Amino acid sequence: MTEEHRKTVNDFFVNVFNKILLYEEQALNHFGCGDLSVREMHVLEAVECLEAEACNTMSHIAARLFISVGALTTSVNVLVRKGYLSRESGAKDRRLVYVMLTEQGRQAADYHRKFHEQMVQSLESRLDKAEWDALTRSLTTLGAFFRTEAEKGREA
């Protein structure tokens, strides 16, 4: 790897990630979800995905987000207060707490999903097949690296 490669990768991690988050925040404001942070939106996204699998318990959601149940509880409390989520105790086991999207939460999650689809679509016209293949291979490698590092951090 050359010094130029290192600078480009570092710039991506430092600056581009921040720009992506800023772009996502701007999209939330545009869609009328300005009272949500990007982190809160990702909680909604995780709940939506796990609801479809009937695994929308606090422990499953926290595991999906790589956060503690305590940290998730704080976020869920805020999102319940804002009207995006609701909680329900399990019918068979009252110790289990299920988290569900409200209609407002479902709309926000839908806006967020469309935002991500638009980001990918806007890149489609700018990359040819070879570039897409290289990009997806690289992103798969990066994703595996960060998942492994995140797991190491949780175990420490």
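Residues numbered from 1 in each chain as written. Predicted model: local features only at pLDDT ≥ 70, side-chain atom pairs only at ≥ 80, totals over all residues. Heavy atoms only, no water.

## Considerations on the overall build of the protein chain
Thought 1: Helix and strand counts for the protein chain stand at six helices and two strands.
Thought 2: Moving toward the C terminus, one meets the helices and strands of the protein chain in the order α-α-α-α-β-β-α-α.
Thought 3: Overall, the protein chain is about 55 × 40 × 25 Å in size when its C-alpha atoms are taken along their principal axes.
Thought 4: Split into buried and exposed, the 156 residues of the protein chain put 23% on the buried side.
Thought 5: Nonlocal contacts in the protein chain, meaning residues at least 24 apart in sequence, comprise 47% of its contacts between residues at least 6 apart.
Thought 6: Of the roughly 10,500 Å² of accessible surface on the protein chain, 56% is carried by carbon and sulfur atoms. (Helix = DSSP H or I, 4+ residues; strand = E, 2+ residues; numbered from the N terminus. Buried < 20%, exposed > 50% of the residue type's maximum accessible area, 1.4 Å probe, protein only. Contact = heavy atoms within 4.5 Å. Areas by Shrake-Rupley, 256 points an atom, 1.4 Å probe, with all protein chains shown as cover.)

## What about the nonpolar core?
Thought 1: Of all hydrophobic cores here, the largest spans 22 residues; its most connected members are L36, L44 and L85.
Thought 2: Looking at this core, the elements with two or more residues in it are α2 (38–52), α3 (58–65), α4 (69–82), β2 (97–101) and α5 (103–124).
Thought 3: When residues in this core are grouped by element, the largest group, seven residues, is from α2. (Core = buried A, V, L, I, M, F, W, Y, C linked by side-chain atoms within 4.5 Å.)

## Topic: the layout of surface pockets
Thought 1: Considered as a void within the structure, the largest pocket measures approximately 2,000 Å³ in volume.
Thought 2: Along the wall of the largest pocket there are 40 residues; nearest its centre are F17, I20, H42, H116 and F146.
Thought 3: Looking at the lining of the largest pocket element by element, the count peaks at 11 residues for helix α6 (residues 129–155).
Thought 4: The class makeup of the residues in the lining of the largest pocket is 26 nonpolar, seven polar and seven charged. (1 Å grid on protein atoms, 1.4 Å probe; cavity = no way out; pocket = protein on both sides within 12 Å on 5 of 7 lines; lining within 4 Å. Points joined across faces, edges and corners; volume = space filled by probe spheres on them. Nonpolar A, V, L, I, M, F, W, Y, C, P; charged D, E, K, R; others polar.)

## Examining the confidence of the model for the protein chain
Low pLDDT means the predicted coordinates in that region are not meant to be read closely.
Thought 1: For the protein chain, per-residue confidence averages 90 on the pLDDT scale, and residues scoring 70 or more make up 97% of the total.
Thought 2: For the protein chain, α6 is the element with the lowest average pLDDT, namely 86, and α4 is the one with the highest, namely 96. (pLDDT = per-residue confidence, 0-100.)

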